[in-house]
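Residues per chain, in single letters:
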Amino acid sequence: MRLNAVTPTSAERDASRLAAILAHFAREGFARCEPRLLQPAHVFLDRSGEDFRGRLYLTSDGSGAEFCLRPEYTIPVCLDYLGSPMAGQPAAYAYGGAVFRAPERGATGHGEFLQAGLESFGRQDREAADAEILVAALEAAAAAGATALNVHIGDAGLVAAFLERLDMPPVWRRRLAAGHARGQRIADIFAAPRRNGGSEQSGVLAALTKADPADARRLVEDLLSIAGIVAVGGRSAAEIAERFLDQATLADGAGVSEETRALAEAFFAVEGAPKSASAAMRKLAEAARLDLSAALDAFDTRADAIAARGLAVNAMRFSASFARHLDYYTGFVFEARHSDDGEPVIGGGRYDRLLKTLGAASDTPAVGAAIWIDRLSPGAGEA
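The paragraphs below set out a description of the structure included in this document. (Residues numbered from 1 in each chain as written. Predicted model: local features only at pLDDT ≥ 70, side-chain atom pairs only at ≥ 80, totals over all residues. Heavy atoms only, no water.)

Quick notes on the state of the cysteines
- If you walk through the whole model with that rule in mind, you get 0 disulfides.
- Free of any disulfide, Cys 78 has its nearest cysteine sulfur in Cys 33, 9.6 Å distant.
- Taking relative accessible area as the criterion, Cys 78 reaches 0% and is therefore assigned buried. (Disulfide = S-S within 2.5 Å. Buried < 20%, exposed > 50% of the residue type's maximum accessible area, 1.4 Å probe, protein only.)

This is the structure in structure tokens:
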């Protein structure tokens, strides 16, 4: 009985496709980068949470430090870039090899996948860099046999600009941003969250919504002081008070008018070809007296840059609600599939803030894309 479920024929096919993709990236000027298989586990757990631990193949050294087989390439390539003489300067890298993620609970699979991709760092012409990465990834996939992919795009930077200008409490703005990143429907995001406490806590939250925010904050801090509570779970009394006020605001729906909610629902409902979507969002922003001109100008500049590279922009589909379910994206995001309900063959986007969290002195322009080798054939990798 064979221990490996991948037949030699499929293994040879995937190796050939990976070689074709890497050869295309080399012709486009992307230097090969191949990070170590063993990576520090904390950099992934810090960003994805302890729930991600079950997806990692973990080990530890003599000091107890945890390491894992690399579960993806973007963060390891970022770390290699930051440790290189090119750190802080424009640089472009390609990669290709195995990544390791244990199947999700209840799922089956062998946990090892071939992935290829590319990352671009340090370019100030962001829209042109976005276009280069998208087109290079699509052309590389085509060189490996994946043609006529459906491209779906979004813009986390445009969403952030929109949310910053909405008239609502910061806690609601954060809730909308987090819900969008997770792919939640707007109606579900606006639904009142379930309260964890009993009727006593519900009564406190209801009372807080009726008080002036400054008075409510002082009341909670005074109650905590009277009870002798200085800190809970590392949070100060002031932070606990702020948390109570956030819960009260969310539970009551306070601070979000019907007009603001309708505006948010209208914005996130915008979808279609990039040019028509841009026009719809400009009309919406003008009617609501929101200044989104800078974000929309960048959106249009990117669309023009993509078209200049020969891609049919009007064949792409933009959705204001589209997100890649990773919180480090800051701008352009995209996926390409064989069919709308299939798994993404290509996925990527802009992540200008990620490198600072990994040790860079400041935010660094960065954009990249990954290609799943086992999904290059229609219907493959759909388990």
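Back to the text.
Describing the sheet that holds strand β2 (residues 38–40)
- Overall, antiparallel pairing links the 3 strands, which are arranged β2-β4-β3 in an open sheet. Edge positions in the sheet fall to β2 and β3 (58–60), since each of these pairs with one other strand and no more. Each strand axis lies, on average, 40° off the axis of its neighbour in the sheet, ignoring direction.
- Sheet topology note: the β2/strand β4 (residues 66–69) ladder contains 3 bridges and is antiparallel. Of the residues in β4, the one forming a bridge with Pro 40 is Phe 67. (Pairing = 2+ DSSP bridges. Helix = DSSP H or I, 4+ residues; strand = E, 2+ residues; numbered from the N terminus. Axes fitted to C-alpha atoms, helices over the stretch in contact; angles between N-to-C directions.)

Overview of the packing of helix α4 (residues 126–143) against helix α13 (residues 293–308)
- Relative orientation of the contacting elements α4 and α13 amounts to 40°, with a least axis distance of 8 Å. Classified by the angle their axes make, α4 and α13 are oblique. Crossing handedness for the pair α4 and α13: right-handed. Contacts from Glu 127, Ala 128, Asp 130, Ala 131 and Leu 134 of α4 reach α13 at Ala 298, Thr 301, Arg 302, Ala 305 and Ile 306. (Parallel < 35°, antiparallel > 145°, perpendicular 65-115°, else oblique. Left-handed = near helix turned anticlockwise from the far one by under 90°. Contact = heavy atoms within 4.5 Å.)

Overview of the packing of helix α5 (residues 156–164) against helix α6 (residues 170–181)
- At their nearest, the axes of α5 and α6 sit 10 Å apart, and the two run at 160° to each other. On the basis of their axis angle, the class for α5 and α6 is roughly antiparallel. By crossing handedness, the relation of α5 to α6 is classed as right-handed. Between α5 and α6, the residues in contact are Val 159, Leu 163 and Glu 164 and Arg 173, Leu 176, Ala 177 and His 180, respectively.
- Of the residues belonging to the contact of α5 with α6, the class tally is 4 nonpolar, 1 polar and 2 charged. (Nonpolar A, V, L, I, M, F, W, Y, C, P; charged D, E, K, R; others polar.)

Structural notes on the sheet that holds strand β6 (residues 112–121)
- Read from one edge to the other, the open sheet built from 9 strands follows the order β1-β5-β6-β14-β13-β12-β7-β11-β10, with strand pairing classed as mixed. Among the strands making up the open sheet, the edge pair consists of β1 (31–32) and β10 (271–272).
- Looking at chain direction, β6 and strand β14 (residues 366–372) are connected through 7 bridges and run antiparallel. Bridged to Leu 118 within β14 is Ala 369.
- Here helix α3 (residues 74–82) sits on the sheet and contacts β5 (91–100) and β6; the angle it forms with β6, its principal contact strand, is near 45°.

Quick look at empty space enclosed by the protein
- If you walk through the whole model with that rule in mind, you get 1 cavity of 30 Å³ or more.
- Computed from the structure, the largest cavity encloses a volume of approximately 50 Å³.
- Around the largest cavity, the lining residues are Ile 153, Pro 274, Phe 299, Arg 302, Ala 303, Ile 306, Val 313, Met 316 and Phe 332.
- Counting residues per element, the lining of the largest cavity draws most heavily on α13, at 4 residues.
- Split by residue class, the lining of the largest cavity holds 8 nonpolar, no polar and 1 charged. (1 Å grid on protein atoms, 1.4 Å probe; cavity = no way out; pocket = protein on both sides within 12 Å on 5 of 7 lines; lining within 4 Å. Points joined across faces, edges and corners; volume = space filled by probe spheres on them.)

What is shown is where atoms sit, not what they do.
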